[in-house]
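Fold and geometry: a report
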Amino acid sequence: MENTRPPPRHHTEQEHRRHMRAEISEGLRFVLRDPVFRAITGSAATYNFFYAVSLPLVMLLLVDEMGLSGTAVGLLMAVSGVGGVLGASFAGRLARRFGQVRAMWVSYLLTVPTALLIPFAGSGWTVALFAGPWFAMSFGIVVYNVGQVSIRQQLCPPELLGRMNASVRFLVWGILPLGSITGGALGEWLGIRGALLIGGAGMSAGVLWLVLSRLRPLRDLPAPPADSPSQDDAPARA
């Protein structure tokens, strides 16, 4: 019997680009219009921007202002890695003890503002004003990241998950170069310690997106209705 099916239609490059633009726009609209996703993305983008402001200045502080050796600088910078590992280890326990949502924003609130102490670090015992905040920030932001990624995965409709993640990453990571440029300008204008104070204040301010959102009163996310499909058993859609 003769095959009467029409030949497969090949999309042109122009159609593919138009389709990609539509998907990108849909993902951005979802992230920016939803209050919870807007708060989470805003807090992460604010933190990343001012972290990028601060990071190059931190090296200048340690080497030029504090006069530390290369070994000492390496050891102090490694404190961040230790904090991150411990944050990842304790994130699940903190979420179970205090609630997933509460552990996310409280970890940010209690640890990131310690960055305001870094500009006052110097020789002798005041080195602790760098090491302590550098450890605490890394611990807290890892706990925050574990929580916010879990919340995003739970709240996002399955068919938008890829577009949502791509949009969040574009907004959160795309802002880093602007932060680095701003940090250089602030360092020239205010000096290393003054610019680091601005960076610490900016990173701390990122938590306002969360505490002023509908997430703040919640301990955990509301459980989905019993008859609604979960992300695991929901039908896949293109």
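Higher on the page you've got the structure.
A brief structural summary.

Scoring rules and cut-offs
Residues numbered from 1 in each chain as written. Predicted model: local features only at pLDDT ≥ 70, side-chain atom pairs only at ≥ 80, totals over all residues. Heavy atoms only, no water. Helix = DSSP H or I, 4+ residues; strand = E, 2+ residues; numbered from the N terminus. Buried < 20%, exposed > 50% of the residue type's maximum accessible area, 1.4 Å probe, protein only. Contact = heavy atoms within 4.5 Å. Areas by Shrake-Rupley, 256 points an atom, 1.4 Å probe, with all protein chains shown as cover. Polar contact = N/O pair within 3.5 Å; in protein donor to acceptor, adjacent residues only side chain to side chain. 1 Å grid on protein atoms, 1.4 Å probe; cavity = no way out; pocket = protein on both sides within 12 Å on 5 of 7 lines; lining within 4 Å. Points joined across faces, edges and corners; volume = space filled by probe spheres on them. Nonpolar A, V, L, I, M, F, W, Y, C, P; charged D, E, K, R; others polar. Core = buried A, V, L, I, M, F, W, Y, C linked by side-chain atoms within 4.5 Å. Patch = residues over 30% accessible without salt bridge, like charges linked within 9 Å, V, L, I, M, F, W, Y side chains within 5 Å. Salt bridge = Lys/Arg side-chain N within 4 Å of Asp/Glu carboxyl O.

A few words on the overall build of the protein. Helix and strand counts for the protein stand at nine helices and zero strands. Going residue by residue from the N terminus, the α and β elements of the protein occur as α-α-α-α-α-α-α-α-α. Within the protein, buried positions represent 39% of all 238 residues. Considering only residue pairs separated by 6 or more positions, the protein has 83% of its internal contacts joining residues 24 or more positions apart. When the accessible area of the protein is evaluated, it comes to approximately 13600 Å², of which 64% is carbon and sulfur surface.

A few words now on the side chain of Gln148. Structurally, the position occupied by Gln148 is in helix α5 (residues 128–155). On the basis of relative accessibility, which here comes to 6%, the residue Gln148 falls in the buried class. Within the structure, the side chain of Gln148 is placed 3.2 Å from the side chain of Asn145, a separation counted as a polar contact. Setting aside its immediate chain neighbours within four residues, Gln148 contacts Ile40 and Met104.

Attention shifts here to empty space enclosed by the protein. For the structure on display, the rule yields one cavity of 30 Å³ or more. Here the largest cavity defines a volume of roughly 50 Å³. Lining the largest cavity, in full, are Ser54, Val58, Ala115, Ile118, Trp134, Met137, Leu196, Gly200 and Met203. Where the lining of the largest cavity is concerned, the elements lending two or more residues are α2 (35–65), α5 and α8 (192–205). Examining the composition of the lining of the largest cavity, we find that three residues originate from one element, α8, more than from any other. Residue composition of the lining of the largest cavity, by class: seven nonpolar, two polar and no charged.

On to the nonpolar core, then. Among the nonpolar cores identified, the biggest contains 48 residues, and Tyr108, Phe130, Tyr144, Met164 and Leu210 are the most heavily contacted of them. At the level of elements, α1 (13–33), α2, α3 (70–98), α4 (100–111), α5, α6 (161–173), α8 and α9 (208–211) are the ones that each hand at least two residues to this core. With eleven residues, α2 is the largest single contributor of residues to this core. Beyond its immediate sequence surroundings of up to four residues, Tyr144 is in contact with Ile40, Ser43, Ala44, Met104, Ser107, Tyr108 and Leu210.

As a further point, take a nonpolar patch on the surface. Taken together, Val82, Leu86 and Phe90 make up a surface patch of nonpolar side chains, about 230 Å² in accessible area. Tracing the backbone through its elements, the reader meets Val82 in helix α3. A relative accessible area of 45% places Val82 in the partly exposed class.

Once that is clear, we can look at the pattern of salt bridges. Tallied over the full model, the rule gives two salt bridges. For Arg193, the salt bridge is made with Glu65, and the minimal N-O distance between the two is 3.4 Å. Taken as a pair, Arg193 in helix α8 and Glu65 in helix α2 lie far apart in primary sequence, 128 residues in all. Taking the relative accessible area as the measure of exposure, Glu65 reaches 42% and is therefore partly exposed. When the shortest N-O distance is used, the salt bridge between Arg219 and Asp220 registers 2.7 Å. Classification of Arg219 as partly exposed rests on a relative accessible area of 34%.

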